[in-house]
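A structural walkthrough
Residue-level listing of the chains:
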Amino acid sequence: MTTIQDIADRLGISKGTVSKALNGASDVSETLRKQVFDTAVEMGYSRLHRLKSNAKKLCVIIENMEYEDPHQFGYDIIMGFRQMAEPAGFIVEVVPVTDKFQKETPFDVFMLQNDYVGAFVLGFSLYEVWMKDFETTRTPVVLYDNYIPANLSIASVGIDNNEGMTLAVNHLKNLGHRKIGYLSTALGSHIMQVRYHAFFQAMKKNGLKADSSCSGASYYITQCIEKHLPRLLNMGITAIICSHDQIANAAIVQCQQLGYRVPKDISIIGFDDLPICAYTSPPMTTIRQNRVELGKCGFYAMSSILNQVSIGTILLHAQLIVRNSTGAAAEATKS
């Protein structure tokens, strides 16, 4: 394990100067401080060996996900993580980040500067700057709905999206639906890609025909609904599975505005079971993610890595929540 003395020897400065730079002393210049942190990261210096003393800080790094209020998606995940981490003696800090911040500060430097021993990462797309840093980091990281291969310091948690999509397709097939479509936001995140492929696998497993023409994906929800929903309806699709609940809700509203009755003319299924699902009109059938359990699972994976157990991917079971947005198949005709 790289020590402070090793860093001092590399830079030709005293051990005390390195220690002061790492701990934010005011009498160390920003130029030297940056040089010390960059060298420490390059040499693989880690504060994990201080875990049993005072360096018991974890961070939840979050982007592209709302989390501050109880009805928002990330709130329960963070709460579940804290429910496990804080009784175990860890301080948990939530850190929202931006693209600009990631470009200015390498991930390992950020972790060293703030004395964090591990990070639980929520809401990252495939194109985040730090996703590249995660490939080589030696700092324990747990990714929600993301995946980095071949790094023993990285673990992934989520639900079994293949299971969830199979439950959705099975449900619609049992209701007599044979022409099922799929709507999604852009496939620029790992989880959107997973769900997209899971849809076609579930259709094939059920002996139902589906090709790319039965699906539509766009960056914005409104663009997806305006561009792809009318096309699917004109194809005679009688049921639509959506990559998440917001698209499903928008699809319900748009179908009703076009004169289609939900679920009499068209059945719609969401994914995630956000709090709004019970209050849409009609209430939405969806695939539930138990977000508190996902947060707890995130800490379980983090604790394992910190104890030298190389966790790969942990998937929780999905659950189908049947409400009133799905019903027996009928021809997709206007009332």
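Right above here is the structure, for reference.
What counts as what
- Residues numbered from 1 in each chain as written.
- Predicted model: local features only at pLDDT ≥ 70, side-chain atom pairs only at ≥ 80, totals over all residues.
- Heavy atoms only, no water.
- Buried < 20%, exposed > 50% of the residue type's maximum accessible area, 1.4 Å probe, protein only.
- Helix = DSSP H or I, 4+ residues; strand = E, 2+ residues; numbered from the N terminus.
- Contact = heavy atoms within 4.5 Å.
- Salt bridge = Lys/Arg side-chain N within 4 Å of Asp/Glu carboxyl O.

1. Some remarks on helix α4 (residues 73-85)
Turning to α4, its buried residues are F73, G74, D76, I77, I78, G80, F81 and A85. Tucked into the core, α4 has its buried residues touching β1 (57-62), β2 (91-96), β3 (116-122), β4 (141-144), β9 (267-272) and α12 (291-306).

2. Observations regarding the environment of H190
Along the polypeptide, H190 turns up in helix α9 (residues 190-205). The class of H190 is partly exposed, set by a relative accessible area of 24%. A sequence separation of 43 residues divides H190 from Y147, and the C-alpha atoms of the two residues are 7.3 Å apart. When neighbours within four sequence positions are excluded, H190 is seen to be in contact with L126, D145, N146 and Y147.

3. A closer look at the pattern of salt bridges
Enumeration over the complete set of coordinates arrives at 12 salt bridges. Where R82 meets E86, a salt bridge forms, and the shortest distance between an N and an O atom there is 3.4 Å. Looking at E86, the relative accessible area reads 42%, which means it is partly exposed. Between D272 and R195 there is a salt bridge whose closest N-O contact spans 3.1 Å. Placement of the pair is D272 in strand β9 and R195 in helix α9, with a sequence separation of 77 residues. Look at R195 and you get buried, because its relative accessible area is 2%. Each of the salt bridges in this network shares a partner with another, and the network as a whole consists of D273, R288 and R323.

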